[in-house]
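Residue-level listing of the chains:
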Amino acid sequence: MPSTKTLPLIKDAERLESRLKEIPAVPGVYLMRDESDRILYIGKSKKLRNRVRSYFRESQNLSPRIAMMVQQVREIEFIATDTEAEALALEANLVKQHQPHFNVLLKDDKKYPYLCITWSEKYPRIFITRKRRAGSAKDRYYGPYVDTGALRSTLHLIKRIFPLRQRPQPLFKDRPCLNYDIGRCVGVCQGLMSAEDYQKIIQKVAMIFQGRTQELLDILEPQMEQAAEDLNFETAARIRDQIKGLQSLSAGQKVSLPDDTVSRDAIALAADTQHACIQLFQIRAGQLVGRLGFMAEIPPQPPLAKGGQELSQPLTKETQELSQPAIDGGQELSQPSLTSPPYQGGERGGVEAGAILQRVLEEHYQNVEAVEIPSEISVQYDLPEGEILADWLSNRKGRKVTILTPQRQTKAELIEMVERNAEYELARMQRLSDRNSQAMQDLAEILDLPEMPHRIEGYDISHIQGSDAVASRVVFIDGLPANQHYRHYKIKNPEIKSGHSDDFASLAEVIGRRFRLKEAEGNSKKQDEFSDLGEAEKVSNLSSVSPNIADKPDLIMIDGGKGQLSAVVAVLREMNLLEELRVVSLAKQREEIFLPGESLPLPTNSEQPGVQLLRRVRDEAHRFAVSFHRDQRSQRMKRSRLDDIPGLGHHRQKLLLAHFRSIDYLRLATPEQLAEVSGIGPRLAQQIYAYFHP
């Protein structure tokens, strides 16, 4: 590990020159580290020595981001490869693994759904999910899709076109369900179709989400004609209906290009001083079959400092991949008026536009199959490593892939259309951000907060007359739901049971568990610490909350009126947290806001932006609590009394019920009669008997 006293390479000319001479002039990947041995940047090059040397030339015009990185480099490592394509693939894997601070990092947004095909199963399922699980490598994910309604409509239409597996588990043990009778399923639950034949159907569906609809049509049409020639008119009619359905998917998707036989992708970006929006259009056979989008946060332009420009804060990037199936349409979206200019000269905020585009393309094409790679890629700006990327894609595809920057005629107009759509998406994000900022500002004024509430937590209780009582916590950050911070709570108070409910005590328990305090380690004074989940603990020494806790809420919202608020205030006062945390309640019907110690609600209008934000938090907390309560109730209703007997698993339960026919007869059985059942020994028989005869 480099010493903390080691000078940066740029200030140690002798060590720098010695290190550069050690780097070979071959393809490979280089890693730049700081004084703490952290990786600052990972790059690739056809000739490592030339590329690394270029960072330290005075004449080199580096962007502020890279210039700041060079000032911190203490050590340079390299990995030589045989080809440029290998260097590109290795760089992408290392960037994913190490997430270097100065690399352009892409991250999926979990709020947009994927479509998953479970190729790891004998009979693959097709379903919509919001989590891209790293389970089986065979499973294939498409998306994420920005328009959930369009995705559901597309999948619904596909299930009408092709008979697909409809359920994760069979509805009946000995016969197929109604979907088989109406032709929506081929009866895979009963093995009425072989796995090989069913997988051929799934392969056709996968072609649709790969943008290969026209190729699928070219396959189906000869099959229809052959079936008709063989007088198999039922099969021919079914294939004919599939062709019509597929044609309806791509209706109105035509993009006017002179060479519509070439598959191509077009990528462009639009940006203001804070955000960059990247759009990628997928065009196959002259039809727009998909649209992917990426949104990045850009730090503000750093101030001029001695020795050049430096970034005033670390580079952060949050990316959303938004893609849509073929129903999106090739229609241009109207262009909004932007107050901020787009990228000028390919650079803004120290982040090169070409480097962003290249990183998006590398990330995207690593996650697709080779057949999905187009023959031509049109880019808005020249890529810094375009030749390496083209060679790598050509090797993957098995044929030449061209990357070009159109300057005129139809292809340039296509790039302009992509850029206009990127500007539209950017303007939409700006409006959403402005609306949330306005709502938080209004809420801060209503509640007399010193600052806008960055993090708002909402709590609600759900039960039916005390049974299956649960609670929920939802978190809004900057006015938007932060699902990764949501939590469920099961109410553990023994006094809350079926027939006896107590929302006040339930809320007090949940708040106590959320804000439990621990003693800090060491011989220093005690410090408070927040916890996400866990049992309520006895706390002997209570102190104030540290203002530096990352997950400290700026505002706590309780779903309820003065009674619920009073219960929460009491437990916070007992924990000495009432002065540190701001808490309010929002009552239904009149949408009234109550503050601690106030008998009357605040004079507000239910249509105020701040009140609407609280209503969104309240409604989300209610939805989250009710859904968890329903799950718990459903599990309880399905639960058997035999589940409570230790050592009695599901298989032995089935044997007992098959032998005695019902739990009533089983309860009347003696230990000797119970032991007669296969798999039930004398000791377990005695435990079962003792359970029913305490």
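Residues numbered from 1 in each chain as written. Predicted model: local features only at pLDDT ≥ 70, side-chain atom pairs only at ≥ 80, totals over all residues. Heavy atoms only, no water.

(A) Spatial organisation of the overall build of the protein chain. On a plain count of helices and strands, the protein chain comes out with 19 helices and 22 strands. Looking at the 694 residues of the protein chain, the share that counts as buried comes to 47%. (Helix = DSSP H or I, 4+ residues; strand = E, 2+ residues; numbered from the N terminus. Buried < 20%, exposed > 50% of the residue type's maximum accessible area, 1.4 Å probe, protein only.)

(B) A look at the sheet that holds strand β1 (residues 28-33). The strand order β2-β1-β3 describes an open sheet built from three strands, whose pairing is antiparallel. Of all strands in the sheet, those bounded by a partner on one side alone are β2 (39-45) and β3 (75-80). On average, each strand axis in the sheet is inclined to that of its neighbour by 20°, with strand direction left out of account. Sheet topology places β1 next to β3; six bridges connect them, and they run antiparallel. Along β3, the bridge assignment pairs V29 with I79. (Pairing = 2+ DSSP bridges. Axes fitted to C-alpha atoms, helices over the stretch in contact; angles between N-to-C directions.)

(C) Looking closely at the sheet that holds strand β6 (residues 140-142). What the three strands build is an open sheet, ordered β5-β4-β6; its pairing is antiparallel. Where the open sheet ends on each side, the last strands, each with one partner, are β5 (126-129) and β6. Strand-to-strand, the axes of this sheet are offset by a mean angle of 30°, without reference to chain direction. The pairing of strand β4 (residues 114-117) with β6 spans three bridges and is antiparallel. Paired with I117 across the strands is R140, a residue of β6. Its contacts with the sheet place helix α7 (residues 195-209) against β4, β5 and β6, and it is angled at close to 155° to β4. (Contact = heavy atoms within 4.5 Å.)

(D) Inspection of the pairing of strand β17 (residues 467-477) at higher detail. Most of β17 is tucked away: 10 of the 11 residues are buried. Of the strand pairs in this sheet, strand β16 (residues 455-464) and β17 are connected by nine bridges, and their pairing is antiparallel. Bridge pairing links E457 to V475 in β17. Turn length for the β16-β17 hairpin, with the two strands adjacent in sequence and antiparallel, is two residues, and the turn residue Q465 shows positive phi of about 55°.

(E) The arrangement of the nonpolar core in detail. Counting residues in hydrophobic clusters, the biggest one holds 29 residues, and the most contacted among them are L115, I126, F162, L164 and F209. For this core, the secondary structure elements donating two or more residues are β4, α5 (148-161), α7, α8 (213-229) and α9 (233-249). (Core = buried A, V, L, I, M, F, W, Y, C linked by side-chain atoms within 4.5 Å.)

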